[in-house]
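# Report on the structure
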Amino acid sequence: MAATGAAVGLGNIWKFPYLTGEHGGSAFVLVYIVCVAALGIPMMMAEVMLGRRGRQTPVNTLRTLAAEAKVSQGWQVIGWCGTLAGMLILSYYSVIGGWTLAYILYSATGTFSGITGEGASALFNQFVQNPAAQIGWHTAFMIMTMYIVARGVQSGLEKAVQYLMPALFGLLLVLVAYATTTGYFWQGLTFLFTPDFSQLSGTSMLTAMGQAFFSLSLGMGTIMIYGSYVPKGTSIASTSVSIALSDTLVALLAGMAIFPIVFANGLEPRAGPSLIFETIPVAFGHMTGGLLFGTLFFLLLLVAAWTSSISLIEPAVTLLIENYRMTRLRAAWWCGMVTWLLGFGTAFSFNLWAQVRVFGMTFFDNLDFLTSNLMLPFGGILIAIFAGWLLSPDTSRTELNIASPWGYSLWRVLIRYVAPVAVSVVLLHAIGVL
Ligand code: PFF
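Below, the structure is looked at part by part. (Residues numbered from 1 in each chain as written. Predicted model: local features only at pLDDT ≥ 70, side-chain atom pairs only at ≥ 80, totals over all residues. Heavy atoms only, no water.)

## Digging into the environment of glycine 233
Inclusion rule: Only DSSP runs of H or I covering at least 4 residues are called helices, and only runs of E covering at least 2 are called strands; the numbering of each starts at the N terminus. Each residue is assigned to one of three classes by its accessible area relative to the maximum for its type, calculated with a 1.4 Å probe on protein chains only: buried under 20%, partly exposed between the two thresholds, exposed over 50%.
Examined against the element boundaries, glycine 233 turns out to sit in the loop between helix H11 (222-227) and helix H12 (236-264). By relative accessible area, which is 77% here, glycine 233 ends up exposed. Spatially, the C-alpha atoms of glycine 233 and leucine 376 are 29 Å apart, while their sequence positions differ by 143 residues.

## A closer look at a nonpolar patch on the surface
Where we set the bar: Patch membership needs two things, relative accessible area over 30% and no salt bridge, and members are linked within 9 Å if like-charged or within 5 Å if nonpolar (Val, Leu, Ile, Met, Phe, Trp, Tyr). We get accessible surface area from the Shrake-Rupley algorithm with a probe of 1.4 Å; when it comes to residues, only the shown protein chains can shield them. The salt bridge definition used is simple: a Lys or Arg side-chain nitrogen within 4 Å of an Asp or Glu carboxyl oxygen.
A contiguous nonpolar patch, built from Val421, Val425, Leu428, Ile431, Val433 and Leu434 and spanning about 540 Å² of accessible area, is present on the exposed surface. Mapped onto the fold, leucine 428 is located in helix H18 (residues 405-430).

## A word on helix H13 (residues 275-286)
The α-helix advances 3.6 residues per turn, and as a result positions three or four apart in sequence lie on the same side. Heads up, the condition is: By this rule the span expected of a helix is its residue count minus one, scaled by 1.5 Å. Any two residues whose heavy atoms approach within 4.5 Å are treated as being in contact.
Counted at 1.5 Å a residue, the expected span for H13 with its 12 residues is 16 Å, and the 18 Å between its end C-alpha atoms agrees. In terms of residue burial, H13 counts as a mostly covered element, since 11 of its 12 residues are buried. Structurally, H13 contributes buried residues whose contacts are with helix H2 (10-22), helix H5 (77-108), helix H6 (117-128), helix H8 (154-180), H12 and helix H14 (290-324).

## Observations concerning the packing of aromatic side chains
Rules: Note on aromatic pairs: the rings of Phe, Tyr and Trp (six-membered ring only in Trp) are paired at centre separations within 6.5 Å, and the planes decide the class, stacked below 30 degrees, edge-to-face beyond 60, tilted for the rest. The rule for a charge over a ring is simple: NZ of Lys or CZ of Arg within 6 Å of the ring centre, and within 35 degrees of the ring normal.
Enumeration over the complete set of coordinates arrives at 30 aromatic pairs. For the ring pair tyrosine 103 and phenylalanine 112, a centre distance of 5.7 Å and an interplane angle of 35° mean the geometry is tilted. Note on phenylalanine 350 and phenylalanine 364: the rings are 5.6 Å apart at their centroids and 40° apart in plane angle, and the pair reads as tilted. Note that phenylalanine 350 is positioned in the loop between helix H15 (328-349) and helix H16 (363-390) and phenylalanine 364 in helix H16, a separation of 14 residues in sequence. For phenylalanine 350, a relative accessible area of 18% puts it in the buried group. Taking the ring centre of phenylalanine 214 as reference, the NZ or CZ of lysine 15 above it sits at 3.8 Å. A cation over an aromatic ring shows up here: arginine 416 above the ring of tryptophan 389, its NZ or CZ 3.8 Å from the ring centre.

## A closer look at the site of the ligand
Stated precisely, the cut-off is as follows: Here a residue is near a molecule or strand as soon as one of its heavy atoms is found within 4 Å of it. By the criterion applied in these results, polar contacts are pairs of N or O atoms within 3.5 Å in which, for protein atoms, one can donate a hydrogen and the other can accept it, and in which residues neighboring in sequence qualify only through two side-chain atoms.
Residues in contact with the ligand amount to 15 residues; listed here are only the nearest, Ala7, Gly11, Tyr93, Phe214 and Thr222. Between the ligand and alanine 7, the relevant distance is 3.0 Å, taken from a nitrogen atom to a main-chain nitrogen or oxygen of the residue. The contact in question runs from a nitrogen atom of the ligand to an N or O atom on the backbone of phenylalanine 214, over 2.8 Å. About the coverage of the ligand: the protein hides 100% of its 340 Å² of free accessible area. Looking at the shell around the ligand, the elements with two or more residues in it are helix H1 (2-7), H2, helix H10 (202-215) and H14.

Right, dumping it as structure tokens:
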């Protein structure tokens, strides 16, 4: 449940729909689903397995396991790279988390009531164009995150998630039900599920793969930390499959709710990061009980973002505690400060620095590309090689303990050959080498 809480976050409800919109819909969705099934699930099993065997922060888990497998200590790079990726991701995740905070307030004060698509776009633009507001909400979200991390009371929040995530799921169903009344439900479904391969470029494939890693929290060692708490008797395979299924279902439901609203209100599917903040208010603004449901929805989205944000910074914090003997409070303070400052770059990407482009992209887009599309897949390749080639088959067979011999062989083929080759090909293709 805790790992599902970490996996389900802004990635599912905010990022998946807008990337799908930007990359033309269905073909992107198809590649995404294939990546989750063929790469995501075996990779998640590998990460949980390594974590359960190493039982430390990712850097130290790899040190222990590299020694056990008698290979170079250089493999610790997986842990370092992942730890860094987590902080980089959190720096922008927190800005978007801040948007959800602000939208709780908008919803609760009735701002959405009767709002049109155009009105919702204008509201959003006005909101992000104010740099002080962006910094303020980002700061508030960071404080919320670091408060939990500093006190080490994650378990309390994770228990609450057991009840709150099903509630979020329920509200998504309410949104989908609303979407069926817009008259554009079918068009939304067609957009999502009738593959149009002409829309598929190398970058779209890389983005779909990167999103699969991002959404499942793979390639950066977070899942290893969760793995380190998994009891011996638990089946790693069925846990991984169920996390991946719930995560994907939430993303698809978000898409099914949002695109009909987009088409019904003449909004732009390629709107980018603003997409859900322009569509969801329209839905709640026209629904009976929308004030209550809307507020509740953004509140639950905030909780989903909160649990993910904690898991993004935990590798860095535990690293400082384990290796540099810092207290949890101090470690949280330092990691939080650095991440918070870095977040300014994203907060300003929508206003002061909106015109500043490097490689044709804003600060936020560059950061997202670097982490989701390069660092996570790269971390994923290394984890697959480590788990598939360096860890002895005896170890992985015992740890995974899959009842059917066929199941274990399938995992081994996927992790040894399919994952490293497929991820490398997509990476190299997208950066123009292949
Ligand atoms: N999976 C989270 C989401 O979909 O929002 C984001 C995330 C959390 C990515 C934790 C990576 C991570 F380690």
